[in-house]
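# Per-entry structural report
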Amino acid sequence: MYESMTVEELLEAKEGENIQFKEAKNRFDSGEATKCCCALANCGGGKLVFGITDARPRQVVGSRAFEQPERTRKGLIDKLKVMVDFQLFEYQGKRVLVFDVASRPLGLPVQADGIAWWYEGDSLIPMPEEIRRRIYAEAGFDFSGDYNDLTGKPAIADSIKTYGFSGNYDDLANKPTLGDNGFTGSYFDLSNKPNFAD
């Protein structure tokens, strides 16, 4: 799933949208780490490296940040909803921690505390609107602004009718079925009467 790299390969790697280096000799802010991992996911996935300087020539300085990487990994997964793994190296008596962050899902930017972060080169910024629109376009049709009349009922009700569902779509108590497509019986329990207009 992730490209494994040795410490020697990391020392030669270019910092940018897919690899970020943080010296973090003693500690690193977990909120900042979350933003960094969010941006890496939005840029196609990558590595957040602790214990190696970002200035060239890079040096291994070691890091005590995130002494329980399993716990940090779980927290990142819970917040970002993408896969995160980690590698721990002991290099010349110094600890190097690497978080491997998977790419965002198709058509959906990853957010940290309500903001989709992005790397422009090695600068961490809120995702530009143009990039966000391109990502949403990956998923296909955008239902967010498609209304069939001014009553506020989204056109999705018409789409459901198009696929052969029977029933009353204004008062969904009739429990639509797939009968028109050759299926029999009720496949939905809509007794809670959801309203497409909400």
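Because the structure is a prediction, the values reported are computed rather than measured.

Secondary structure summary: the protein chain contains 5 helices and 6 strands in total. Its helices and strands taken in sequence order, the protein chain reads α-β-α-β-α-β-β-β-β-α-α from the N to the C terminus. Taken across its 198 residues, the protein chain has 40% of its residues classed as buried. Pairs at least 24 apart in sequence give 60% of the contacts found in the protein chain among residues at least 6 apart. Working note: accessible area of the protein chain is about 11,800 Å², and carbon and sulfur atoms make up 49% of it.

Another point: the state of the cysteines. This model, assessed by the stated rule, comprises 0 disulfides. With no disulfide of its own, Cys 36 has Cys 37 as its nearest cysteine by sulfur position, at a separation of 6.8 Å. Exposure remark for Cys 36: the relative accessible area of 1% places this residue in the buried category. The cysteine Cys 43 is free of any disulfide, with Cys 38 supplying the nearest cysteine sulfur at 9.3 Å.

On to the side chain of Ser 63, then. Along the polypeptide, Ser 63 turns up in the loop between strand S2 (46-50) and helix H3 (69-80). Only 2.5 Å separates the side chain of Ser 63 from the backbone oxygen of Ala 24, close enough to count as a polar contact. Here the side chain of Ser 63 touches Ala 65 through a polar contact of 3.1 Å, landing on its backbone nitrogen.

Looking now at the sheet that holds strand S3 (residues 84-91). The strands making up a sheet associate through backbone hydrogen bonding, with each pair oriented either parallel or antiparallel. In spatial order, the strands read S1-S2-S4-S3; together these 4 strands make up an open sheet with mixed pairing. Looking at strand neighbours, the two that pair on one side only are strand S1 (19-22) and S3, the edges of this open sheet. Looking at each pair of strands side by side, their axes are set apart by 15 degrees on average, direction ignored. Pairing of S3 with strand S4 (residues 94-101) involves 8 bridges; the strand directions are antiparallel. Its bridge partner lying in S4, Tyr 91 is registered against Lys 94. Here helix H2 (residues 30-42) sits on the sheet in contact with S1, S2 and S4, set at roughly 155 degrees to S2.

One way to put it is that H2 packs onto H3 with a least axis distance of 10 Å and a crossing angle of 60 degrees. Accordingly, the angle class assigned to the pair H2 and H3 is oblique. Like other packed secondary-structure pairs, H2 and H3 cross with a definite hand, here right-handed. The segment H2 lies against H3, with Ala 33, Thr 34, Cys 37 and Cys 38 engaging Leu 76, Lys 79 and Leu 80. The residue inventory of the contact of H2 with H3, partitioned by class, reads 5 nonpolar, 1 polar and 1 charged.

With that settled, consider unusual backbone geometry. The phi angle of most residues is negative, glycine excepted, and most peptide bonds adopt the trans form. Here the bond from Arg 56 into Pro 57 is cis, since omega is -5 degrees, no more than 30 degrees from zero. Of note, Pro 57 is situated in the loop between S2 and H3. Here Gln 92, not a glycine, exhibits a phi torsion of approximately 50 degrees, which is positive. Of note, Gln 92 is situated in the loop between S3 and S4. Here the phi dihedral of Asp 113 falls at roughly 55 degrees; this positive angle occurs in a residue that is not glycine. Structurally, Asp 113 is set in the loop between S4 and strand S5 (117-120). Given the relative accessible area of 80%, Asp 113 is considered exposed.

Let us look at the pattern of salt bridges. Taken as a whole and judged by the stated rule, the model has 10 salt bridges. The salt bridge involving Arg 132 is made with Glu 129; its shortest N-O contact spans 3.8 Å. Here Glu 129 and Arg 132 lie together in helix H4 (residues 129-137), a separation of 3 residues that amounts to about one turn. Judged by its relative accessible area of 17%, Arg 132 is buried. We note a salt bridge from Arg 133 to Glu 129, for which the minimum N-O separation is 3.6 Å. Within this pair, Arg 133 and its partner Glu 129 are both found in helix H4, separated by 4 residues, close to a single helical turn. Overall, the relative accessible area of 43% leaves Glu 129 in the partly exposed class.

Reading the values: rules and limits
- Residues numbered from 1 in each chain as written.
- Predicted model: local features only at pLDDT ≥ 70, side-chain atom pairs only at ≥ 80, totals over all residues.
- Heavy atoms only, no water.
- Helix = DSSP H or I, 4+ residues; strand = E, 2+ residues; numbered from the N terminus.
- Buried < 20%, exposed > 50% of the residue type's maximum accessible area, 1.4 Å probe, protein only.
- Contact = heavy atoms within 4.5 Å.
- Areas by Shrake-Rupley, 256 points an atom, 1.4 Å probe, with all protein chains shown as cover.
- Disulfide = S-S within 2.5 Å.
- Polar contact = N/O pair within 3.5 Å; in protein donor to acceptor, adjacent residues only side chain to side chain.
- Pairing = 2+ DSSP bridges.
- Axes fitted to C-alpha atoms, helices over the stretch in contact; angles between N-to-C directions.
- Parallel < 35°, antiparallel > 145°, perpendicular 65-115°, else oblique.
- Left-handed = near helix turned anticlockwise from the far one by under 90°.
- Nonpolar A, V, L, I, M, F, W, Y, C, P; charged D, E, K, R; others polar.
- Salt bridge = Lys/Arg side-chain N within 4 Å of Asp/Glu carboxyl O.

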